[in-house]
Number of protein chains: 2
Amino acid sequence: MATMQDVARLANVSLSTVSYALSETRPVTAATKARIEAAMSELGYHRNAAARSLASHRSHVLALIFPAMQQGLGGTVTEFVASAADTARQSGYQLVLWPFGATQSREIRDLAQQGQADGVLLMEVRLDDPRVEALRKAGVPFTMIGRTARVDDLSYVDIDFTRTTEDAVAYLTDLGHERIAFLNHSQASREEGYGPTVRAHDGYTAAMRRRGLVPHAILCDESPGAGRTAMSELLAGDPDLTAVITMNEIATFGVTVELQSRDLQIPRDVSVLAIVTSPGVGAMSHPPLTTMHAPGAALGRLGVQSLLALLQVGETPSTDPVLLPCPLEPGGSTGPVPPERRR
Amino acid sequence: MATMQDVARLANVSLSTVSYALSETRPVTAATKARIEAAMSELGYHRNAAARSLASHRSHVLALIFPAMQQGLGGTVTEFVASAADTARQSGYQLVLWPFGATQSREIRDLAQQGQADGVLLMEVRLDDPRVEALRKAGVPFTMIGRTARVDDLSYVDIDFTRTTEDAVAYLTDLGHERIAFLNHSQASREEGYGPTVRAHDGYTAAMRRRGLVPHAILCDESPGAGRTAMSELLAGDPDLTAVITMNEIATFGVTVELQSRDLQIPRDVSVLAIVTSPGVGAMSHPPLTTMHAPGAALGRLGVQSLLALLQVGETPSTDPVLLPCPLEPGGSTGPVPPERRR
DNA sequence: CGAATTCATCGAAGCGCTTCGACGAAGCGC
DNA sequence: GCGCTTCGTCGAAGCGCTTCGATGAATTCG
């Protein structure tokens, strides 16, 4: 394996000139640069990552704290990770995985203090997440995917739940719906402070109230069975329901089954709008669901970009926070309220 | 940030002794070790990863070549990645992601030659995969997840498609089924040499023939619509079909819909057995599907272990290949053939 | 009881790179 | 044309660790 010294020798320059030519930190004449490049390709030179890190105090590694917990079908996570890894690589960084849950802030700090990563991406952030404190103590720049209750001056990228629920309600009211229920994630998720559960609930409630409509939200475990039961309860609470927004893709399968078993047709009798879904889930139901899907790839890309911006400027964590709405993907599960059901 | 030198000074030993105490490469008396440990914790010492790599020529990093292509719902991939990252970490390794498809062997070789990783895990291997050659040329030890057509002495971990299809057929024949169809992945996937498509086809065909039964396999795109069409075709081909094995989870949703729309009850009229599924998909249908799910977590763990074994022994790539069957998860979509339909 | 081992520890030589200060050569204005 | 800055390049000092050979002390054995 050729070293920089070998390249320098072959190009008849000093080692440091080679370094400057590569990093462009100091000017190097075109002629010299050409000789160096020729030498490099002749020797098949690749600079050694470890030596670079040691001398420069930067590892060119970003760590992704990866959720142990599996919400949903995993498609969004996969998209996110792939996109983050790709964006990082294109900027000359590597993405490493740190599989740590919210309870392992100790391990996170240890790794962070070893200087293993220049920056950290923290996924599946809870409203009150001890890992945030651990990272701050370790002094590593980090960007959250999701956000804590208080974001202070922390860098983050998240789904815009307020806007997404507002858009969902607006879409349905535009179709004439007024009795719109909301089927959320589980009770457990709310109790552990899972941001989406809380923010979507608030967003939905606000969007309904703003229109003078009565919100009707329900928490629901992640299973089709729970979805059926929840749908029953919603109908018991308001038999005249014309639409339901779901943010629980597994339960949504139960919702459609329950409606079918009651001979309620989708979307003629009840419209179903699934929000924050994984890629492709809409197509799995019959009729295909109208969805507002989670922007996994965009979150990955923007998360890495925010983090890199943070590394550039150094001390100033003034990167704009980023909130992304879930784009609407029309399907066959939503439609106008039939005239006879309008009040 | 304290260095090893600082620790040595505080513990009144030489730098090298501290190193030996940490790596246990040479004996160090208990007393000395204790002093060193005290000094380390007093200073909050963490060894520097870059310096270690530089001096030892090992990065303690494993790379995972990550599929750009999204097959299925992503749940298995997520499980796999999480489990691989966790196993690596427990052995003192980091897992980095290299998001490269089968066409980017050039980039792979570049990264590999920079010595960025001690070993590589290659996911989504094709039957004839150029990346294998690239890795071999780069001289990096690697383990495949999946396998090429000829495995020679390559290290790999894969799903045992022969055994899984055999088990699937056996399970159904035990229930009295004889007219068993197989709904595979897409035509396209077979053409690009996607191992599972080919191996499962062969396994199913062999299992049927061995029992004197007539195989009836069909390729199918990854969508519920294609699944419906395929199911129609299968029924057209053999109206007396009593069971179908599917290895295409998205299409399986269409299969159940098509059966329902023909008033064929599952499992009374037709049994459905979904094999190589993502975690949780069985529960998404009604009735819940009987599945044989892909052992994502086990593959991740064993893949890393095989790779680490390869790194240990150095030259001898004699790690046993590993083939894992998909365990059966009973559901409500399979049942015995009613007596009147037996021939 | 002295020679031969064994044992724990030390010092020093790198690993391959970044980065700083220095230094001639060229370019500038008056 | 003389001092001054600017430009391109060089040499050397690390970065923090692993690892090898050496060294003296403790242990063993004939």
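Each value, and the rule that gives it
Residues numbered from 1 in each chain as written. Chains lettered and ligands numbered in written order. Predicted model: local features only at pLDDT ≥ 70, side-chain atom pairs only at ≥ 80, totals over all residues. Heavy atoms only, no water. Helix = DSSP H or I, 4+ residues; strand = E, 2+ residues; numbered from the N terminus. Rg over C-alpha atoms; globule rule 2.2 N^0.38 Å. Buried < 20%, exposed > 50% of the residue type's maximum accessible area, 1.4 Å probe, protein only. Contact = heavy atoms within 4.5 Å. Pairing = 2+ DSSP bridges. Axes fitted to C-alpha atoms, helices over the stretch in contact; angles between N-to-C directions. Buried area = accessible area lost by both parts, 1.4 Å probe. Salt bridge = Lys/Arg side-chain N within 4 Å of Asp/Glu carboxyl O. Polar contact = N/O pair within 3.5 Å; in protein donor to acceptor, adjacent residues only side chain to side chain. Near = heavy atom within 4 Å. Nonpolar A, V, L, I, M, F, W, Y, C, P; charged D, E, K, R; others polar. Domains from an automatic or database assignment. Expected span 1.5 Å × (residues − 1). Lys, Arg positive; Asp, Glu negative; His and termini not counted. Least-squares fit on C-alpha atoms with pLDDT ≥ 70 in both.

S.K.: How would you sum up the overall build of chain A? Please name residues and give values.
M.R.: Counting secondary structure elements, chain A contains 13 helices and twelve strands. A compact globule built from 343 residues should have a C-alpha radius of gyration of about 20 Å, whereas chain A, at 26 Å, is more than 25% larger. With the C-alpha coordinates aligned to their principal axes, the bounding extent of chain A is approximately 90 × 40 × 35 Å. Within the span of chain A, comprising 343 residues, buried residues form 55% of the whole. The long-range fraction of contacts in chain A, counting pairs at least 24 apart against all pairs at least 6 apart in sequence, stands at 69%.

S.K.: Which residues make up the sheet that holds strand β5 (residues 155-159) of chain B, and what values go with them?
M.R.: One open sheet accounts for twelve strands, arranged β11(A)-β5(A)-β4(A)-β3(A)-β1(A)-β2(A)-β2(B)-β1(B)-β3(B)-β4(B)-β5(B)-β11(B); its pairing is mixed. The two strands at the open ends of the sheet, each matched to only one other strand, are β11 (322-324) of chain A together with β11 (322-324) of chain B. Across this sheet, the average inter-strand angle for adjacent strands is 20 degrees, counted without regard to direction.

S.K.: Describe the interface of chain A and chain B, naming the residues involved and giving the relevant values.
M.R.: For an interface, size is often stated in terms of accessible area lost upon the parts coming together. Contacts between the two partners involve 41 residues from chain A and, on the opposite side, 41 residues from chain B. Summing the contributions of chain A and of chain B, the shared interface buries around 3,700 Å²; its carbon and sulfur component is 67%. At the junction of chain A with chain B, the criterion picks out zero salt bridges. Between chain A and chain B we count seven residue pairs in polar contact (both at pLDDT 80 or more) in total. Breaking the side of chain A that touches chain B down by element, the ones donating at least two residues are α4 (49-56), α5 (75-90), β2 (94-98), α6 (105-113), α11 (224-237) and α12 (249-261) of chain A. Looking at which element gives the most residues to the side of chain A that touches chain B, the answer is α5 of chain A, with eight residues. Note: β2 of chain A against strand β2 (residues 94-98) of chain B, three bridges, orientation antiparallel. Across the sheet, residue Val-96 of chain A finds its bridge partner in β2 of chain B, namely Val-96 of chain B.

S.K.: Outline the pattern of salt bridges, listing residues and values.
M.R.: Residues and elements named next belong to chain A. As enumerated under the stated definition, the model contains 30 salt bridges over all chains in all. A salt bridge links Glu-166 to Arg-211; its shortest N-O distance comes to 2.7 Å. With Glu-166 in helix α8 (residues 161-174) and Arg-211 in the loop between α10 (195-210) and β7 (216-218), this pair connects stretches of sequence that are 45 residues apart. A relative accessible area of 31% means that Arg-211 is categorised as partly exposed.

S.K.: Tell me about the protein's contact with DNA strand C, and name the residues and values.
M.R.: Around DNA strand C sit 28 residues, and of these Met-4, Tyr-20, Arg-26 and Tyr-45 of chain A together with Thr-32 of chain B come closest. Near-protein atoms of DNA strand C (within 4 Å) split between backbone and bases, with sugar and phosphate holding 56%. Contact distances for DNA strand C include 3.1 Å between a phosphate oxygen and a backbone N or O atom of Asn-48 of chain A. Within the side chain of Ser-16 of chain B, an N or O atom sits 3.2 Å from a base oxygen of DNA strand C. When contributions to the surface near DNA strand C are tallied by element, the ones reaching two or more residues are α2 (15-23) and α4 of chain A together with α2 (15-23) and α4 (49-56) of chain B. The residue makeup of the surface near DNA strand C, split by class, is twelve nonpolar, twelve polar and four charged.

S.K.: Could you give an account of the protein's contact with DNA strand D, with specific residues and numbers?
M.R.: Near DNA strand D you find 28 residues, and of these Thr-32 of chain A together with Met-4, Tyr-20, Arg-26 and Tyr-45 of chain B are the closest. Here, DNA strand D places atoms within 4 Å of the protein, and 55% of those atoms are sugar or phosphate. Here the residues of the surface near DNA strand D sort into twelve nonpolar, twelve polar and four charged.

S.K.: Let's hear about the domain arrangement of chain A: which residues, and what values?
M.R.: Taken domain by domain, chain A comprises domain 1 (4-47), domain 2 (61-159 + 296-324) and domain 3 (161-294 + 328-341). Taking only C-alpha atoms, the centre of domain 1 of chain A and the centre of domain 3 of chain A are 61 Å apart.

S.K.: If you had to explain helix α8 (residues 161-174) of chain B to someone new, which residues and values would you point to?
M.R.: All names here are of chain B. Its 14 residues place the ends of α8 19 Å apart at the C-alpha level, agreeing with the 20 Å of an ideal helix rising 1.5 Å per residue. When α8 is considered as a whole, its buried residues turn out to be Phe-161, Thr-164, Thr-165, Ala-168, Val-169, Ala-170 and Leu-172. Looking at the buried positions of α8, the neighbouring elements they touch are β5, β6 (180-183), α10 (195-210), β8 (243-246), β9 (271-277) and β10 (290-293). Between the side-chain oxygen of the N-cap and the backbone nitrogen of Thr-162 there are 3.3 Å, and the N-cap of α8 in question is Asp-160. A positive backbone phi angle near 100 degrees is found at Gly-176, which sits one or two residues after α8.

S.K.: With reference to specific residues and values, describe the side chain of Asp-118 of chain B.
M.R.: All names here are of chain B. For Asp-118, the position within the fold is in the loop between α6 (105-113) and β3 (119-122). Buried Asp-118, no salt bridge; nearest opposite-charge side chain is Arg-58, N-O distance 4.4 Å. Looking at Asp-118, its side chain comes within polar contact range of the main-chain nitrogen of His-60, at 2.8 Å. Not counting the four nearest positions on each side in its chain, Asp-118 is found in contact with Arg-58, Ser-59, His-60, Val-61, Tyr-93, Val-140, Pro-141 and Leu-311.

S.K.: Tell me about the environment of Val-169 of chain A, and please be specific about residues and values.
M.R.: All names here are of chain A. Following the sequence through the fold, Val-169 ends up in helix α8. When the C-alpha atoms of Val-169 and Val-120 are compared, they prove to be 35 Å apart, with 49 residues separating the residues in sequence. Contact partners of Val-169, with chain neighbours within four places excluded, come to Ile-180, Tyr-204, Ala-207, Met-208, Arg-211 and Ile-245.

S.K.: Tell me about the relation of the copies chain A and chain B, and name the residues and values.
M.R.: Once chain A is rotated about the relating axis by 180 degrees and shifted along it by 0.0 Å, it coincides with chain B to within an RMSD of 0.1 Å. The superposition of one copy onto the other is thereby described by a two-fold rotation axis. For chain A, the minimum C-alpha distance to the rotation axis belongs to Val-96 of chain A and amounts to 2.0 Å.

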